[in-house]
Amino acid sequence: MSIPSQKVSNSNKLIYQRLKQALELNLRRQIFIAACDDLCLRDCLAARLEAELTATATGEIFRSPIAIPRFVSLQLNLADPNPWGAIAAWLTENPPPQNSRSYSPLPGFQILGAEHLTRHSAAVQWSFLSHLRDIETHLQVWESTLLLWVSRPWLSSIEQSAPEFWHWRTGVFEFEGEPTPSPRHWDFGERQELGEEFLSSLSPVTNSPLVTPNSPSPTSNSESIELADLTLPTPAPELTTYNRAAEAENVQQLQTLQYIELLQENQCSSESLALAYQSLGNFYRDRIQAGDASWQNLTIAIGAIEQVIQYLQIDRHQHQNQPPTPKCALLIDEFKNHLIEYIQESNHLLPISDLCNDLGTLYWMLSRLQPSYTETNDTEEPTTLDPVFCLLRSIGLYRQGLNKKDGSLTLQTRARLNKNLGIALADLARYQDKTENLQQAVTAYQQALLDIDSRTEPQQYAAAQNNLATAYWSLAQDGQPIVYLKSAIAAYSQALTCYNPSTEPLNYAGVQNNIGTACWNLAQHQPEEILLVRAIAAYREALKYRTRELVPAAAAATQNNLGTAYWHLANNFQQQRARTESLQQAILAYETALDIASQLDRTQLTFDTLAARSNLGLAHYQLATDPDFAANKAAQTQHLEAALHHQLQVCATWEQHLQDKELTYGDKLNLQPDDANSQAIDGRQTALSYIVKTIRAFYSECGLPGQNLALSKVPGDLLPEILRRL
């Protein structure tokens, strides 16, 4: 394809540069559409793309030493306008080389000639659109970048008639030009005029998780759960976050890719290539640490660090004292200056143990990432989106780093590896071999704590103790609860010593909440009043800092926990007067929890509001039937009315759930126990039982007028069931 020579407008130059830089990244499953009505201009742009992408190949991350086409132009077969078939035919004729040492990416493809479809029958045009609509079938095996050139009318037709293809587009580039092509030729002028701007918005949209790789503790998130979340793995200290302007970051990224290309072409040392790939990996780690933990950034960072380790292993088996050629030496010096200029970090390679830690952390983050699209996999081989595969890979890398005996494993790195190993094992326990993996996690945390000084590294020490306690708590749910819960309380108490409530109020409050929950849980297996008293004290201390203004969801959860602890204390240990006071405190805590919860979205809550409301009704019922209230009929009636009100609300909520499922009354009676709606059936029946019990208490304490008062508050549709039970 020859390259014409006339001037191209500045706006088209800018659009071209953005398209070229997006293609240079050569990421998998990129679908670009370029619209251009001027066919002469289109041919010029397409020819320039093929020439420049083939010549520079700066978008490759894993370059094969065997020369293969980097960008291929294909003409659409108008007799069978199937772009996927054209690409498959080309790949059949030009199979990618097999190279065990490094990965050779498939070339990118640009499809031309779609504008000629307007001169063919409607059947041919619909055939083309049908092939585009079939994109999801081909995406299962599609690994390349696709650029489809169309005219503006066809761009509109694709959007309207091939929505499946339009949905998967990565970016659309519209060039200026008259619909009727003129006989003139086009020229880009000097390539330096094209500029360095990169269109970052063309990156595939993915869902970023709400985590960053440097969270110091599990309770730093304001939306803490009842027991602490696991602390996130931390990267090696050299990998710090840099606040760079977007333009400077894009220049750094592209220049690093160019240096990698030049170093490979000139067969420079494995060490220099490893340093270049480490710089590329650090670039994407900076993005990830800044909050953009997308699938794309994670997989590129993983690939870059894997290349670092691979080149270091190659270098270990080669002659390391062989001097570089003058050209290689110059390139290496320029690249090191490039590192100092853009990222201001030491231009030396990290030890293998630190690289294993960083790579393991990236795989761990990938295990927690929910993909933004459904990826089907018909084979039995695991994919990088399989959390179990990612966790096993992460665990293997952490253990590989711990097994290094080359003197590079410092105490700090060993502590980090062991702590991160424990986190990955605890995550793996959610999928398989729960007890075994949790026990291994406990061992890893204990090993990490041996290398952490609580005086010099209080944050790291507290995080490890907190994670250890959480692992013990999880083990207690499946066996030996007394032993494991006591160990959890001890570990939480150790973590608490490292948090100052004046400087870290939420971390301090989170651990106090966890101590309260562990003490309450232990009291269910080892009934002792002192455990519930300690739980109540811990919850109250947590609520000094978990306020509804600062962290409403966490405050509501702790208030609910406090109400439950008071309710159990009143019903199991206390004498009459103290029991009444505890029930009143339980009512106050439950009401506060429900009041806060009513102002939040349900997805923000970490406790069951229906259970809390049912418990609130029971507490009112118990106070009303308490002998101390017998002489105060007004207070007694007030508590009975409150009990009935809350149980009716619970019953109505379950009833609404069943109606939403469109279940008839007969369905409710005949529902099998293992049906998905059995919880709603059981909840409704329990609420009805409490309603009947409360109405009987009205009659017992207030006579027939009391019963009539209660029945007047019952909805008419419930009266037949209530009366039958009475």
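Residues numbered from 1 in each chain as written. Predicted model: local features only at pLDDT ≥ 70, side-chain atom pairs only at ≥ 80, totals over all residues. Heavy atoms only, no water.

Per the secondary structure count, the protein includes 26 helices and five strands. Within the protein, buried positions represent 52% of all 726 residues. Counting contacts in the protein only where the partners sit at least 6 residues apart, residues at least 24 apart contribute 76% of the total. (Helix = DSSP H or I, 4+ residues; strand = E, 2+ residues; numbered from the N terminus. Buried < 20%, exposed > 50% of the residue type's maximum accessible area, 1.4 Å probe, protein only. Contact = heavy atoms within 4.5 Å.)

Before going further, it helps to spend a moment on the sheet that holds strand β2 (residues 71-75). In spatial order, the strands read β2-β3-β4-β1-β5; together these five strands make up an open sheet with parallel pairing. Among the strands making up the open sheet, the edge pair consists of β2 and β5 (171-174). Along the sheet, successive strands turn relative to each other by an average axial angle of 20°, direction set aside. (Pairing = 2+ DSSP bridges. Axes fitted to C-alpha atoms, helices over the stretch in contact; angles between N-to-C directions.)

Looking now at helix α13 (residues 387-402). If you check α13, its first and last C-alpha atoms are 22 Å apart, about what 16 residues at 1.5 Å a residue would give, namely 22 Å. Buried within α13 we find V388, C390, L391, S394, I395, L397, Y398, G401 and L402. Elements in contact with the buried residues of α13: α12 (352-368) and α14 (411-428). (Expected span 1.5 Å × (residues − 1).)

With 118 residues, the main nonpolar core has L355 and F607 as its most contacted residues. By residue number, the principal contributor to this core is helix α10 (residues 295-316), which donates 12 residues. Setting aside its immediate chain neighbours within four residues, L355 contacts Q278, I305, V308, I309, L312 and L350. Among the nonpolar cores identified, the runner-up in size contains 29 residues, and V72, L76, V124 and L155 belong to it. (Core = buried A, V, L, I, M, F, W, Y, C linked by side-chain atoms within 4.5 Å.)

This part is about helix α15 (residues 434-450). A rise of 1.5 Å per residue sets the reference length of α15, with its 17 residues, at 24 Å; its end C-alpha atoms lie 25 Å apart and thus fit the reference within 8%. By the burial criterion, the buried members of α15 are N437, L438, A441, V442, A444, Y445, A448 and L449. Buried residues of α15, viewed axially, fall in a sector of 165°; they line one side. The inward-facing, buried residues of α15 abut α14 and α16 (458-476). (Arc of directions from axis to C-beta.)

Another aspect to go through is the pattern of salt bridges. In this structure the tally under the stated criterion is 14 salt bridges. Among the ionic pairs, E115 bridges to R42, the shortest N-O distance being 3.0 Å. With E115 in the loop between β3 (108-112) and α4 (122-133) and R42 in helix α2 (residues 39-56), the pair connects residues that are 73 residues apart, well separated along the chain. D478 is the salt-bridge partner of K434, the closest N and O atoms lying 2.9 Å from each other. Here the residue K434 occupies a position in helix α15, and D478 occupies one in the loop between α16 and α17 (481-496), the gap between them amounting to 44 residues. By relative accessible area, D478 is classed as partly exposed at 46%. Connected via shared salt-bridge partners are K20, R48 and E52. (Salt bridge = Lys/Arg side-chain N within 4 Å of Asp/Glu carboxyl O.)

A few words on the pairing of β3. Within β3, five of the five residues are buried, which leaves the element mostly enclosed by the surrounding structure. Alternating positions in β3 separate into two faces, G108, Q110 and L112 on one and F109 and I111 on the other, with burial throughout. As judged from the five bridges shared by β2 and β3, these two strands associate in the parallel manner. Within the sheet, the bridge partner assigned to Q75 lies in β3 and is L112.

The next thing to look at is the pairing of β5. It is a general feature of regular strands that their side chains alternate between the two faces of the sheet. Side-chain alternation along β5 places G171 and F173 on a buried face and V172 and E174 on a face that remains uncovered. Note that strand β1 (residues 30-35) and β5 share four bridges and pair parallel. Looking across to β5, one finds that I33 is bridged to V172.

It is worth spelling out the packing of helix α18 (residues 505-525) against helix α20 (residues 552-572) at this point. α20 packs onto α18 with a crossing angle of 30° between their chain directions and a minimal axis gap of 11 Å. Viewed along their axes, α18 and α20 adopt a mutual orientation that is roughly parallel. As for the relative orientation of α18 and α20, their crossing is left-handed in sense. Contacts from N513, T517, W520 and Q524 in α18 reach T558, N561, T564, A565 and H568 in α20. Counted by class, the contact of α18 with α20 contains two nonpolar, seven polar and no charged residues. (Parallel < 35°, antiparallel > 145°, perpendicular 65-115°, else oblique. Left-handed = near helix turned anticlockwise from the far one by under 90°. Nonpolar A, V, L, I, M, F, W, Y, C, P; charged D, E, K, R; others polar.)

So, on to the environment of H167. Structurally, the position occupied by H167 is in helix α7 (residues 163-167). For the pair H167 and R133, spaced 34 residues apart in sequence, the C-alpha separation works out to 9.9 Å.

At D433, a residue that is not glycine, the phi angle is positive and equals roughly 45°. You will see that Q480, though not glycine, has its phi angle at about 50°, which is positive. Looking at the element boundaries, Q480 is found in the loop between α16 and α17.

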